[in-house]
Amino acid sequence: MINGTSNRMIPKLGLEARGVTPVADGMNLEWKEMLPSGPGFRNMGNTCFMNASLQCLLHTPPLARVLAQKMHSRHLSKHHKGVSGFCSFCAFEELYPQVHNSSRYKRVVTPTSFVQNQRVICRTFRPGRQEDAHEFVRHVLYGMVKSSLKSSGRKGMDRTHNHKDEMRSIVHNMFGGCLQNSVTCTSCKAVSVVSELFLDLSLDIYNSNTVASALEKFTAVERLDGNNKYRCDKCKSYVSALK
Ligand SMILES: [Zn+2]
Ligand SMILES: [Zn+2]
């Protein structure tokens, strides 16, 4: 997950020109004030993957502000139940004051509704089993997108629906971006461009010391050649290409 589909970081890296565009402009990524450390989360049986992910999300400034203002639940009907009876957004709003309101600080917080609804968040998760933190974050974010679209009378996410619907989602504004893949045929110079929205990017962190350098490597030009040649529609054959 990159919290830095940031309007400040992207222009600095020149990534926009290289195909990674943040969806939202003007997102405030800073904390207004430094707060004391919040509480820890109780381990409910191999739930450390979940606790670490929830802590990161609850300390992501734009999301924390949305939760503090109850922007999700403020406009909901009484009958809002999220997806399959569970809404990650509502669950975050319930958890938020326990973590961020210093007068209500507890030493340990138990994120009960996330633990109890693991299988709603991701069908393949099994209570008591160690799961993958990245997968958890992906599913929680997609759950929040679905809930937002559902609560505003829009369809849930699927492969065919209009991207505009996703754009409207507050989660995409905070975490998402648009990835543009362009491939240039070295023979006829034809350029094929495919754009897709993303909520997370898989970056190689073994050979990079910073997120910025990992992003630079991610967007570096790659030559498709040898066994990995590109099928050019114009040349009607496999050619070497620049991706
Ligand atoms: Zn909700
Ligand atoms: Zn070609």
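Scroll up to find the structure this text is about.
Residues numbered from 1 in each chain as written. Chains lettered and ligands numbered in written order. Predicted model: local features only at pLDDT ≥ 70, side-chain atom pairs only at ≥ 80, totals over all residues. Heavy atoms only, no water.

Novice: I keep staring at the overall build of the protein and nothing clicks. Help me out?
Specialist: A count of helical and extended segments in the protein gives 10 helices and nine strands. Taken over 243 residues, the protein has a buried fraction of 38%. Partitioning the contacts of the protein with sequence separation of at least 6, the portion at a separation of at least 24 is 58%. For the protein, the accessible area works out to roughly 14200 Å², and carbon and sulfur atoms hold 49% of it. (Helix = DSSP H or I, 4+ residues; strand = E, 2+ residues; numbered from the N terminus. Buried < 20%, exposed > 50% of the residue type's maximum accessible area, 1.4 Å probe, protein only. Contact = heavy atoms within 4.5 Å. Areas by Shrake-Rupley, 256 points an atom, 1.4 Å probe, with all protein chains shown as cover.)

Novice: I'm lost on the packing of helix H2 (residues 48–58) against helix H4 (residues 88–100) in this one. Help?
Specialist: The geometry of a pair of packed helices is captured by two quantities: the angle between their axes and the separation between those axes. Interaxial distance between H2 and H4 falls to 11 Å at its minimum, and their mutual angle equals 80°. Judged on the interaxial angle alone, H4 and H2 are roughly perpendicular. Where H2 abuts H4, its residues Leu-54, Leu-57 and Leu-58 lie against Phe-92, Leu-95, Tyr-96, Val-99 and His-100. Residues that form the contact of H2 with H4 fall into these classes: seven nonpolar, one polar and no charged. (Axes fitted to C-alpha atoms, helices over the stretch in contact; angles between N-to-C directions. Parallel < 35°, antiparallel > 145°, perpendicular 65-115°, else oblique. Nonpolar A, V, L, I, M, F, W, Y, C, P; charged D, E, K, R; others polar.)

Novice: Is there a simple way to explain the pattern of salt bridges in this structure?
Specialist: Pairing is possible between side chains that carry opposite charge, provided their charged atoms lie close to one another. The full count for this structure, using the stated rule, is two salt bridges. Note that Arg-129 and Glu-131 form a salt bridge whose closest N and O atoms lie 2.9 Å from each other. Across the pair Asp-200 and Arg-138 runs a salt bridge whose closest N-O atoms are separated by 3.1 Å. Of the two residues, Asp-200 is situated in the loop between strand E5 (191–198) and helix H10 (211–218) and Arg-138 in helix H7 (residues 133–151); the sequence distance between them amounts to 62 residues. Its relative accessible area of 13% is what places Asp-200 among the buried residues. The partly exposed category is assigned to Arg-138, whose relative accessible area is 34%. (Salt bridge = Lys/Arg side-chain N within 4 Å of Asp/Glu carboxyl O.)

Novice: What should I look at first to understand the packing of helix H3 (residues 61–68) against H4 in this one?
Specialist: Interhelical geometry of H3 versus H4 gives an angle of 95° and a closest axis separation of 9 Å. In terms of orientation, H3 and H4 fall into the roughly perpendicular class. Counting all contacts with H3, which are made through Leu-63, Ala-64, Val-66, Leu-67 and Ala-68, the residues of H4 involved are Phe-89, Phe-92, Glu-93, Tyr-96 and His-100.

Novice: Just checking my understanding: could you explain the coordination of the zinc ion (ligand 2) for this structure?
Specialist: The expected angle between donors at a tetrahedral four-coordinate metal is 109.5 degrees. At an octahedral six-coordinate metal it is 90 or 180 degrees. Summarising the metal site, the zinc ion (ligand 2) is bound by the protein donors Cys-185 (SG), Cys-188 (SG), Cys-232 (SG) and Cys-235 (SG), whose distances to it range over 2.3 Å. Seen from the zinc ion (ligand 2), its four donor atoms lie at angles of 105 to 112°, and the figure they make is tetrahedral. Read N to C, the donor residues that coordinate the zinc ion (ligand 2) are spaced as C-x2-C-x43-C-x2-C. In this pair, Cys-188 sits in the loop between strand E4 (177–185) and E5 while Cys-232 sits in strand E7 (residues 230–232), placing the two residues 44 residues apart along the sequence. (Donors = N, O, S within 2.8 Å, 3.2 Å for Na, K, Ca; no water. Tetrahedral: all angles 85-135°; square planar, octahedral: opposite > 155°, others 65-115°.)

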